[in-house]
Amino acid sequence: PWLRRYALEHENVSDQYLFSLRFATGIFTGSDFGLQPGFWGERLFVVFAMFASFIFLSTTVSKIVVMFNQMKQENIEHEELMMQFKDFMSKGGVPLSLQQKVR
């Protein structure tokens, strides 16, 4: 039906594929894709695909944020541990040349 609606039924298969790929990409990225769903099944698919892509994207962004927060926390813990080592070595009388080798 959409081929007739947009007068694409006489186009070659590669052009039809590019039009459908543009439509699908527009659904998942939330951009204006120029083609509109014509009947209830197409509209239902578009709504479902947009909702699913929103859930997928928000989950992915959440995982990225959690990963960066974990990396930051590990870095903070490492810096605190190094400060404790340096404090221990300076109070324990460890020579400065050995203290500088601890990273």
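Placed above this text is the structure.
The rules we used
- Residues numbered from 1 in each chain as written.
- Predicted model: local features only at pLDDT ≥ 70, side-chain atom pairs only at ≥ 80, totals over all residues.
- Heavy atoms only, no water.
- Helix = DSSP H or I, 4+ residues; strand = E, 2+ residues; numbered from the N terminus.
- Rg over C-alpha atoms; globule rule 2.2 N^0.38 Å.
- Polar contact = N/O pair within 3.5 Å; in protein donor to acceptor, adjacent residues only side chain to side chain.
- Contact = heavy atoms within 4.5 Å.
- Patch = residues over 30% accessible without salt bridge, like charges linked within 9 Å, V, L, I, M, F, W, Y side chains within 5 Å.
- Areas by Shrake-Rupley, 256 points an atom, 1.4 Å probe, with all protein chains shown as cover.
- Salt bridge = Lys/Arg side-chain N within 4 Å of Asp/Glu carboxyl O.
- Lys, Arg positive; Asp, Glu negative; His and termini not counted.
- Charge placed at Lys NZ, Arg CZ, Asp CG, Glu CD.
- Core = buried A, V, L, I, M, F, W, Y, C linked by side-chain atoms within 4.5 Å.
- Buried < 20%, exposed > 50% of the residue type's maximum accessible area, 1.4 Å probe, protein only.
- Expected span 1.5 Å × (residues − 1).

A.B. asks: Sorry if this is basic, but what is going on with the overall build of the protein chain here?
C.D. replies: Looking only at helices and strands, the protein chain has four helices and zero strands in total. Counting from the amino terminus, the protein chain carries its helices and strands in the arrangement α-α-α-α. Rg of the C-alpha trace for the protein chain: 29 Å, well past the compact-globule value of 13 Å for 103 residues, more than 25% over. Seen through its principal axes, the protein chain has C-alpha atoms that stretch 85 × 25 × 15 Å.

A.B. asks: What exactly am I supposed to notice about the side chain of Ser53 here?
C.D. replies: Mapped onto the elements of the fold, Ser53 is located in helix H3 (residues 40-92). Here the side chain of Ser53 touches Met50 through a polar contact of 2.9 Å, landing on its backbone oxygen. If we ignore the near neighbours within four places in the chain, the residues touching Ser53 are Ile27 and Phe28.

A.B. asks: Help me understand a negative patch on the surface in this model?
C.D. replies: A cluster of acidic residues, Glu74, Glu77, Glu79 and Glu80, forms a negative patch at the surface. The residue Glu74 is located in helix H3 in this model.

A.B. asks: I keep staring at the nonpolar core and nothing clicks. Help me out?
C.D. replies: Soluble, globular proteins show a tendency: their nonpolar side chains are buried together. Membership of the largest hydrophobic core is limited to five residues, which are Phe23, Ile27, Leu35, Val46 and Ala49. Broken down by secondary-structure element, the contributors of at least two residues to this core are helix H2 (13-29) and H3. Once residues lying within four places of it in the same chain are set aside, the contact partners of Leu35 are Tyr6, Phe19 and Phe23.

A.B. asks: What am I meant to see in H3 here?
C.D. replies: Two residues of an α-helix separated by three or four positions point the same way, owing to the 3.6 residues in each turn. Taking 1.5 Å per residue, 53 residues should reach 78 Å; H3 reaches 77 Å between its end C-alpha atoms and fits that length. Those residues of H3 lying buried are Glu42, Val46, Ala49, Ser53, Met82 and Met89. Directly beyond the C-terminal end of H3, a positive phi value near 80 degrees is found at Gly93.

A.B. asks: Looking at this structure, how should I read the pattern of salt bridges?
C.D. replies: Charged atoms that come close allow side chains of opposite charge to pair. Inspection of the entire model under this criterion finds two salt bridges. In this structure, Arg4 and Glu9 form a salt bridge, with 3.6 Å as the shortest nitrogen-oxygen distance. A salt bridge links Asp87 to Lys91; its shortest N-O distance comes to 3.5 Å. Note that Asp87 and Lys91 are positioned in helix H3 at a spacing of four residues, about one turn of the helix.

A.B. asks: What exactly am I supposed to notice about unusual backbone geometry here?
C.D. replies: Trans peptide bonds make up most of the peptide bonds, and negative phi angles are found at most residues other than glycine. At Ala7, a residue that is not glycine, the phi angle is positive and equals roughly 55 degrees. By relative accessible area, Ala7 is classed as exposed at 59%.

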